[in-house]
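A closer look at the structure
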Amino acid sequence: MESFNILLLTVAVTVQVTSHDSTGEPPVQISKPKVTLNPSHAVLYSTETVTLHCEVPEALSGLQYDWYKNSADLSEHQPSITARGSGKYECKAKKGTSESEISASYTLTLQDPPKAKLTVDPKWTEFFPSENIELKCEIEGGSSGWTFEWIKDTWTSEGDSVRAITVKHPDSGKYSCRGKLKNRQVTTQQSNAFQLNVKDLPEPKIQSDWTEAFPGEKVYLECVIQGVSENWNYMWFKDSRRIVSSDETNINTLTLSVKSSHHGAYECQAELQERNVSTVRSKQHFLTVHGSQPTILLQQDPSHAEIYTGEQVKLTCSIQEKTSKWQYFWQIDSQQVSTVNNPIYTIQNATLSQKGNYTCQVRRGEMTYAKSTILTIREPPKANMSIESQWNMFYPTEKVTLKCSVDEESNKWGYEWFKNGGSLKDDKDISVSRNTLSISSAKVGHSGQYTCRGKHLARTLVTTTRETEAVQLRIQDIKPKPNITKHVWFELFYAEEKVQLKCNMTGVGWEYHWYKGSTLRITHPELTIDAVSLSDRGNYHCKAKRGDFSVDSETLQVRVQKPPQPHIQSDWTEAFPGEKVSLQCVIRDVSENWNYTWFKDSSKIDSRAETNIQGNNLTLSVKSSHHGAYECQAELQERNVSTVRSKQHFLTVHGSQPTILLQQDPSHPEMYNGEQVNLTCSIQEKTSKWQYFWQRDSQQVNTVNNPIYTIQNATFSQKGNYTCQVRRGEMTYAKSTILTIREPPQPHIQSDWTEAFPGEKVSLQCVIRDVSENWNYTWFKDSSKIDSRAETNIQGNNLTLSVKSSHHGAYECQAELQERNVSTVRSKQHFLTVHGSQPTILLQQDPSHPEIYTGEQVKLTCSIQEKTSKWQYFWQIDSQQVSTVNNTTIYTIQNATLSQKGNYTCQVRRGEMTYANSTILTIREPPKANMSIESQWNMFYPTEKVTLKCSVDEESNKWGYEWFKNGGSLKDDKGISVSRNTLSISSAKVGHSGQYTCRGKHLTRTLVTTRETEAVQLRIQDIKPKPNITKHVWFELFYTEERVQLKCNMTGVGWEYHWYKGSTLRITHPKLTIDAVSLSDSGNYHCKAKRGDFSVDSETLQVRVQKPPQPHIQSDWTEAFHGEKVSLQCVIQDVSENWNYTWFKDSSKIISRAETNIKGNNLTLSVKSSHHGAYECQAELQERNVSTVRSTQHLLTVHEPPKPNLSIESQWNMFYPTEKVTLKCSVDEESNKWGYEWFKNGGSLKKVEDISFSGNTLSISSAKAGHSGQYTCRGKHLTRTLVTTRETEAVQLRIKDITPKPIIKKHEWFELFYTEERVKFDCNMSGVGWEYHWHKAAKPLIKNSEFTIDAVSLTDTGDYHCKAQRGDFSVDSETLQVRVQARPPAFLSLKTELIDIMTGDVTLRCNISDGRQWNYTWFMNGQQLNGSSDVLKVTGNEETIKSEFKCKGINTERPLYSALSDGFVANNIIFKRKILLAISGCLVCCIFILIIGCIILKITHKPEVKETPEDLFFSMTDSKNQIISPMKEYMDNRQTELEESQGKAELISDCASAVHEDSVIKESQEKAELISDCASAVHEDSVIKESQEKAELISDCASAVHEDSVIKEEDTSATVANGLTSFKGL
């Protein structure tokens, strides 16, 4: 290191030497420099530029400098450098080789600029428009000497340390600031940033699920300001009015306990807490308040009254009102079935267990409502099939109709048809329409068994019904023909007589149809018209019909005439005791002799003093017992023909006098003005033709007949004692009541305050005098309602104001009665004046003339415009004090002079306040007067008025005048009068002539007069005029709208005409014309002819005007029945003129004709249904064009008497002794207003022992033959006793005099039935309505007219009978015995042939051993096979060997088929045969040995037959007990024995064993005999040359055995064990 330093020193020295040598300048002495600073501030900042100077005391040129900082060379060589941060700076100067010492160190300290801090007031993060914000920029260490820059985003501006902003949207942005030293490039660091977010005032929103509610519910409305976290105070409004709630104004939820008054539109508004910021109001939230509770709709889909099992059904629960948030729960028979909130309850697959009462519960909050419905579920109905005839044997070409029906809602079912077990095939003669199968032309081929089933048309999920029971149809051939027999025949019948015809036809099963013309009358062999009527006349024939096959008889004419009907004529419908009432029984247009009978209340009347009958007249001397319904009847003397009774004529007999009812509605003891009051007068008894009149305090108040007196708008003048008078003829009765009416009291405001200045307290009191009720008070300002608050405090009837300028206005109060909806009028206005900031001084001059005349007195009055007090007043003239008296409001100048004019000032003072106002006072001399005559002529007549006028040009209306004649003051003259500036001579005379002058005298300014005018000469002469009136088209009495014309005329000229009505001027014209006179024009008229002030009145002329009278319709008829006579009268009361009358119906004019006859003022209607409507009338005066208004409408309602209906309350009209019979008579319209009358065979029906009447019902408790007949009834109005309906059509009631017995009809009956055959009985009883009950012995079976055993069994053997029952009446049929026998059995056996053994096939044989010839039907696995042979050959294959085979016999005679055989399954028989075939082969091989042995034995000795062991063959009983198959045992244990020639017997035994494998022998004895026969055959043919022949012999033997085998056990079917098959018989 030391070597390195030496090297450096050497280099430096070398460089220095070199440099010195190169310049060649001599060295200089350089003083020690000094480091100085610019600028020389006390504090320097690192961000500003600081210049350091290296100053050398000597002024040397060419100096170079070296600078050091903290002893490190800065490589700066200028005399001045920019400081590089804080540190110790040094420098030295050098020139050439000379250099100075290093300067003293200068320690430079540079501070970081202070930080700027931005503060915000208020310290919110978000602001709303119009809010104020203050930004303040602060500098650490103080802000003295600093200026400020404000930065907003990218924009910079200078300003003060505080920046106030009234916020607007453009003010949004990021704000910061920084300080800047004055006159120095020093800035602070940028302050912290403040993000000013200006956002729109949020709009509050009402959040609530509640848009509707029911009374009692709790509704919550929440006022939400989204996305804002500030604290807000909330205000609520309903229908724009503030809702006053609790003090919790910062709560944003409004809770309503709902009432109907809460219905309306709600708004909310928010105000930011501690900030003067309010939002706009929210959008309206409408709350609908419904009625008391929701309307629940419970609907079923589908809506069928009954649901079938298997169908889907939905129950839907909904609420009719537009509402939401409901929860739905379901119950069935009060048990909860669904806890899930679902308005729909679905049953997917209906079952009977699901029927019941379903309830839907709807819940919302604490409210629960429910509605229920009954759900009915049932099985689909059963279909029935029938032949639409009483027979089932038809003929070719006959139409056959089969009907398939479902008893319930048959029109909703379709049908499918089947014949002989299969679907019905197409046939051109067969057509199907809905539930009917029609064979248009029957053929034999159409015979067969028919069935059908129903299928619902609309309800696709409803399964079809089962097929009906089969109907057997048989077709044969015949042809019929009918004839008519007449009984008791007349060429002409009277109504009610009996007509009887009978139609007869050979053969059975015929239906007889009787026709009148082409109209069907009855279906019966006999046509009986028990009581013939006019409608029965005509041509009759009968049609004999069986099915659709029919033949018509010859035509027979029936002629009928109806007996006339009487009617009662009388105007009397009601009367009082003592009156004479006459009734007449009239038969029109009939000349025969009739006897008359009278009835009262259906009882015959005997002629006596008080009920006198003479001819067809009945006269009553009325008693109370005569009250009732009267009828009459006539009987033809020559023939037993009686009329029907007349219609009832009801006569009401009242008590001694009417009972008057007088009612007030409403019934308050006092009524207030403006309320409506109805007084209703009525008579308690049902009577008519009364007139009603009303009086108030004994004064008539109406002349119109009206039972109701209505005061529409009550006034105080209408109170009083009201009397209702009722009149009929000469009878008058009355009843009174007191009606009290008063005005609602008027409140008034009491207060001493009429004006005030802001800040004062003003109290107003609303007072109602002399009233004790409880009133609620409401205050209004300028007609707007005042709410109670701090500055407008309302307590009771007091209003206290803390006065503001807004309180200026008119105040009113109003009171409302608490118990009643009665309000007072508002009080008179109480005006409160709120003054401005200072009083308004008024300076008034009195007199107020702009100029004051000399000599006048003048007063100056100073006042304050506002009504206020306690002011002091002071006066000045031209700024000089003229009055020092305190509080003098008036300054007076007693005698004005020109010198006293000038500027007058009034000063007013109160406390320290002084105000002033000035005015100019002008004073001058009075003006000049002029005089003239006021007319176009200057020549006057005595009594004429003369007018002289004196005038002052200036303000002439302010002057009075003084008059002079012939140079002197005008003397008093009764004919001369002076008025203001006019001198009037009311009645001129010659003495009034002369020279007249005048002068003005101020009216108000009494000291002021003008000079006299120049003289005017006046001359008087002598005449007297007179006007007259001319009338045009004059009447003593005018009607409104007529024209009145009068003319006034006067001799001479210059006249003006004035028409007066009374003292009122009507017109100024020579003519007075009233084009359309009115009531107000009535009065006395005259005309005044005027010239100047001279006038003469004409004579007075009276004009009388009356409003055209209003007609009214008088009639007791407001409703009528068709055919009645109704009379309406158009009445104009108290008018004698001749009027023409016009009638209107429904505003259309009525033309007089037969049915609407107009005579004079009467309209008579022959009532038709078209006469229903509103009638009006109008009258027109004959000689003048005057028409009345139309009358008030008179409504006439036209009824058709309703038609009664008579029915037997059962399905039958043929009855038997002791049965109960009920007839019901009904009127469909207003049935509760009708009573009923009963008739039998045209006569009135009396109440007897077995017949009773109750309401509309006639009951026969125990029928007898005598009760038979034709029954009718008619309705009789309970209140309108004269109104009866027509009689009903007759109902024929037939009572037979026998005890019926039901008949059992047997279908395909046999004395002995075979099992499985069909047994069918029909139980029938003449008539309808029977119920049939079947019994076997005493055991009840079914309830049906048919009893069918589809497959009879042995247990069905027994005695049967049916019971026919109708109501409580029942009869048993005869007993019928049913005997049942089992069908012959069929036996199935296996037939074994060698070819079958070879091929593996199976041959089966079916046999029935009853000695008859049978055909056979075979079945494989239940399916029928083709063929009818007793033998069935089955090909052996995999399918057939596993199938079960059965057979049965078919026969053409009963039994038509046998019992079905037991089943046979081949299974391993084929395998077994193959084994047997192999064994047989072995036997063939040994044939030669057998032949040789047989020959030897035959030659040598007789062969011995070996006894066959009993156990060589097994029975079926043995086979059932074996566990192992016989074939298996055979295969395991059987051994061939061929050891000796005796083997033939053993061979036979083998043959038998082989046969045994293929068959089962019935008896062990038969087995032995059969084997013996086989052995004999073998023995006899023992010499066989060929082995083939032996085999054939064995085969034949086996076949013979097989053919003779008989199956004995019938109850056991084939069973399979160990893979092989065993049988009951083969």
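Residues numbered from 1 in each chain as written. Predicted model: local features only at pLDDT ≥ 70, side-chain atom pairs only at ≥ 80, totals over all residues. Heavy atoms only, no water.

**Points about the overall build of the protein**
Summing up its helical and strand segments, the protein has 9 helices and 147 strands in all. Taking all 1626 residues of the protein together, 40% fall into the buried category. Restricting to contacts in the protein with at least 6 residues of sequence separation, those with at least 24 account for 61%. Per element, the accessible surface of the protein, about 90,000 Å² overall, is 46% carbon and sulfur. (Helix = DSSP H or I, 4+ residues; strand = E, 2+ residues; numbered from the N terminus. Buried < 20%, exposed > 50% of the residue type's maximum accessible area, 1.4 Å probe, protein only. Contact = heavy atoms within 4.5 Å. Areas by Shrake-Rupley, 256 points an atom, 1.4 Å probe, with all protein chains shown as cover.)

**Focus on the confidence of the model for the protein**
A low pLDDT means the predicted coordinates there should not be read in detail. Overall, the prediction assigns the protein a mean pLDDT of 81, with 87% of residues at 70 or greater. Across the protein, the element-wise mean pLDDT spans from 31 in strand β147 (residues 1620–1622) up to 93 in strand β26 (residues 285–289). Contacts from residues 1–24, a stretch scored under 50 in pLDDT, to residues over four places away or in other chains number 3 contacts. (pLDDT = per-residue confidence, 0-100.)

**Observations concerning the state of the cysteines**
Per the stated rule, a full pass over the model turns up 16 disulfides. Here C862 connects covalently by a disulfide to C906, the sulfurs 2.0 Å from one another. Between C862 and C906, the disulfide has an S-S torsion of -95 degrees and is therefore left-handed. Taken together, the residues span a long stretch of sequence, with C862 in strand β84 (residues 858–864) and C906 in strand β88 (residues 902–910) at a distance of 44 residues. Note on C862: relative accessible area 2%, which makes it buried. On the basis of relative accessible area, C906 is assigned to the buried category, the value being 0%. Two residues share a disulfide in this structure: C1406 and C1447, whose sulfurs sit 2.0 Å from each other. Measuring handedness by torsion sign, the sulfur bridge of C1406 and C1447 sits at about 80 degrees and is right-handed. Remark: C1447 occurs in strand β144 (residues 1444–1450) and C1406 occurs in strand β140 (residues 1402–1407); sequence separation between them is 41 residues. For the pair C1406 and C1447, a shared accessibility class is recorded, and that class is buried. (Disulfide = S-S within 2.5 Å.)

**Focus: unusual backbone geometry**
For the bond running from D846 to P847, omega is 0 degrees, close enough to zero to count as cis. Structurally, P847 is set in the loop between β82 (841–846) and β83 (852–853). In the segment running from R1454 into P1455, the intervening peptide bond is cis, with an omega of -10 degrees. Structurally, P1455 can be placed in the loop between β144 and β145 (1464–1465). The phi torsion at D153 lies on the positive side, around 55 degrees, for a residue other than glycine. As for its placement among the helices and strands, D153 is situated in the loop between β14 (146–152) and β15 (155–159).

**Focus on the pairing of strand β44 (residues 471–475)**
Here β44 shows one buried face, formed by V471, L473 and I475, and one open face, formed by Q472 and R474. Relative to β44, strand β37 (residues 393–394) runs parallel, the two being bridged by 2 bridges. Bridge assignment links M393 to a residue of β44, and that residue is R474. The pairing of strand β43 (residues 448–456) with β44 spans 3 bridges and is classified as antiparallel. (Pairing = 2+ DSSP bridges.)

**Some words on the sheet that holds strand β34 (residues 367–375)**
With respect to topology, 4 strands assemble into an open sheet ordered β31-β30-β33-β34, the strand pairing being antiparallel. The sheet is open, and its two borders are formed by β31 (335–338) and β34, each paired with just one other strand. Across the sheet, the mean angle separating the axes of adjacent strands is 30 degrees when strand polarity is ignored. Bridge count between strand β30 (residues 327–332) and strand β33 (residues 356–364): 6 bridges; the pairing is antiparallel. Considered in β33, the bridge of Q327 is made with R363. (Axes fitted to C-alpha atoms, helices over the stretch in contact; angles between N-to-C directions.)

**With respect to the sheet that holds β82**
If you walk across this open sheet you meet the 3 strands as β82-β84-β87, and the pairing is antiparallel. Each of the sheet's edge strands pairs with one partner strand only, and the pair in question is β82 and β87 (890–893). For this sheet, the mean inter-axis angle between neighbouring strands, taken without regard to orientation, is 15 degrees. When β82 meets β84, the two strands line up antiparallel, connected through 6 bridges. The residue bridging D846 from the neighbouring strand is K859, located in β84.

**Structural notes on the layout of surface pockets**
Roughly 1,600 Å³ of internal volume is contained in the second largest pocket. Surrounding the second largest pocket, 37 residues form its lining, M385, H1307, K1320, D1322 and E1346 being those nearest its centre. Within the residue set of the lining of the second largest pocket, elements represented by two or more residues are β36 (383–387), β44, β129 (1303–1307), β131 (1319–1324) and β134 (1346–1349). The residue inventory of the lining of the second largest pocket, partitioned by class, reads 11 nonpolar, 14 polar and 12 charged. (1 Å grid on protein atoms, 1.4 Å probe; cavity = no way out; pocket = protein on both sides within 12 Å on 5 of 7 lines; lining within 4 Å. Points joined across faces, edges and corners; volume = space filled by probe spheres on them. Nonpolar A, V, L, I, M, F, W, Y, C, P; charged D, E, K, R; others polar.)

**Re the packing of aromatic side chains**
Summed over all chains, the structure comprises 27 aromatic pairs. Ring geometry for F1321 against Y1360: centres 6.1 Å apart, planes inclined by 50 degrees, an arrangement best described as tilted. Note that F1321 is positioned in strand β131 and Y1360 in strand β135 (residues 1358–1366), a separation of 39 residues in sequence. In this pair, the class of F1321 matches that of Y1360, namely buried. Joined through ring pairs, the aromatic side chains of W1309, F1310, F1313, F1321, W1334, F1347 and Y1360 make up one cluster. The residue whose ring lies beneath R363 is F329, and the NZ or CZ to ring-centre distance is 4.1 Å. (Phe/Tyr/Trp six-rings, centres within 6.5 Å; stacked < 30°, edge-to-face > 60°. Lys NZ or Arg CZ within 6 Å of the ring centre and 35° of its normal.)

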